[in-house]
Amino acid sequence: MLPIPSVSICLPVYDGEQFLAETIRSVLDQTYRDFEVVVLDNASTDQSGNIARSFGDPRIRIERNRETLPQAENWNRVVELSRAPLVKVVCADDLLHPRCLELQVAPMDADPGLAVVAARRHMIDEQSRVIVPRRGLSGLVGVRTGVEVARRVVRNGSNPIGESNNVLFRRDDFFTVGGWKTDRPYIMDLDLWLRLLQLGDFLGLPETLAAFRIGRGTVSSNNEEKIYEQQRMLIEELGDSPYFQVRGLDLAVGRMLAPAGRARRRALYTISKVASRGDAA
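Keep in mind that what you see is a predicted model, and the values were worked out from it rather than measured.

### Focus on unusual backbone geometry
And then number 1: Positive phi, normally seen in glycine, also occurs at Leu137, with a value near 65°.
And then number 2: Looking at the secondary structure, you find Leu137 in the loop between β7 (130-135) and β8 (142-144).
And then number 3: The exposure class of Leu137 is buried, given its relative accessible area of 0%.
And then number 4: Non-glycine residue Gln245 carries a positive phi angle of around 55°.
And then number 5: Since its relative accessible area comes to 47%, Gln245 is described here as partly exposed.

### What about the environment of Pro112?
And then number 1: Tracing the chain through its elements places Pro112 in the loop between α4 (100-110) and β6 (114-124).
And then number 2: In sequence terms Pro112 and Asp201 are 89 residues apart; their C-alpha atoms lie 9.4 Å from each other.

### A short note on the pairing of β7
And then number 1: Where β6 meets β7, three bridges bridge the pair, whose relative direction is antiparallel. By the bridge assignment, Met123 is partnered in β7 with Val132.

### Re the packing of aromatic side chains
And then number 1: Across all of its chains, the model carries eight aromatic pairs by this definition.
And then number 2: An angle of 90° between the planes, with centres 5.1 Å apart, marks the rings of Phe174 and Phe175 as edge-to-face.
And then number 3: Its relative accessible area of 1% is what places Phe174 among the buried residues.
And then number 4: The partly exposed category is assigned to Phe175, whose relative accessible area is 36%.
And then number 5: Residues Trp180 and Trp193 carry aromatic rings whose centres are separated by 5.9 Å and whose planes lie at 70° to one another, so their mutual orientation is edge-to-face. With a gap of 13 residues between them, Trp180 in the loop between α6 (171-176) and α7 (188-196) and Trp193 in helix α7 connect regions that are remote in the sequence.
And then number 6: What makes Trp180 buried here is its relative accessible area of 2%.
And then number 7: Overall, Trp193 belongs to the buried group, its relative accessible area being 0%.
And then number 8: An aromatic cluster is present here, built from Trp75, Phe169, Phe174, Phe175, Trp180 and Trp193 joined pairwise through their rings.
And then number 9: Looking at Arg213, its charged tip hangs above the ring of Phe19, at a distance of 3.9 Å from the centre.

### Looking at the pattern of salt bridges
And then number 1: Tallied over the full model, the rule gives 17 salt bridges.
And then number 2: A salt bridge links Glu163 to Arg121, with the shortest nitrogen-to-oxygen separation between them at 2.9 Å. Of the two residues, Glu163 is situated in the loop between α5 (146-156) and β9 (167-170) and Arg121 in strand β6; the sequence distance between them amounts to 42 residues. Arg121 matches Glu163 in its accessibility class, with the two residues each being buried.

What counts and what doesn't
Residues numbered from 1 in each chain as written. Predicted model: local features only at pLDDT ≥ 70, side-chain atom pairs only at ≥ 80, totals over all residues. Heavy atoms only, no water. Helix = DSSP H or I, 4+ residues; strand = E, 2+ residues; numbered from the N terminus. Buried < 20%, exposed > 50% of the residue type's maximum accessible area, 1.4 Å probe, protein only. Pairing = 2+ DSSP bridges. Phe/Tyr/Trp six-rings, centres within 6.5 Å; stacked < 30°, edge-to-face > 60°. Lys NZ or Arg CZ within 6 Å of the ring centre and 35° of its normal. Salt bridge = Lys/Arg side-chain N within 4 Å of Asp/Glu carboxyl O.

Below is the structure:
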């Protein structure tokens, strides 16, 4: 049994052979070295498992589900398989900057009152080209309380924090709040961040430390309408929450700006599709 590392990078994958090697390389290239990589193959039918095994790095541990699980259940299982006190979940088509862990772990170690550390991320296309640089964390750089973050989320009308690859959280907190919720698959990242922030503070880093891929076959691009519906639902829940103290003005602004957030997502998918068609021409 290897010593327990400081960080577990959890990498759930289902038929992710197209980008998986690039993703794993970005993880292994971290300047911060005390981590494990838990690859959970969700009963893939392609070469994902063989690609993960081809690296031969002792920090990589590969597990496989006997049958394909829904995304939230699979993500809960990969965190259950982790061993470190700090956790980052990286999708099999996303990327990390080499200094991502270095810059996120240090403040978590220094301040036990932090529950979530996030960074900005690039939005990239299927050829890993940046289509929108340095996205996210508008008004959220620095240390913020959960109440401050919730109000910003409501006013934003979308997800100003980001996806799992640009966020670091504590494993114990994850299980305390119940992990990823299976009944809201299209906003399960934002939903989790807000529940974690009932246990501690938020730190937003100004650096861009990850990349989120906008591709033709991604969950985000194929379910834009459901993402919009569930984000509107979350805004209303936050407005009713006695803990987050969201004001009526925050809620009114969020309702007004939600369609703008939807338009931004649609624009990203359109840009990525146009770039992909151009490459195929």
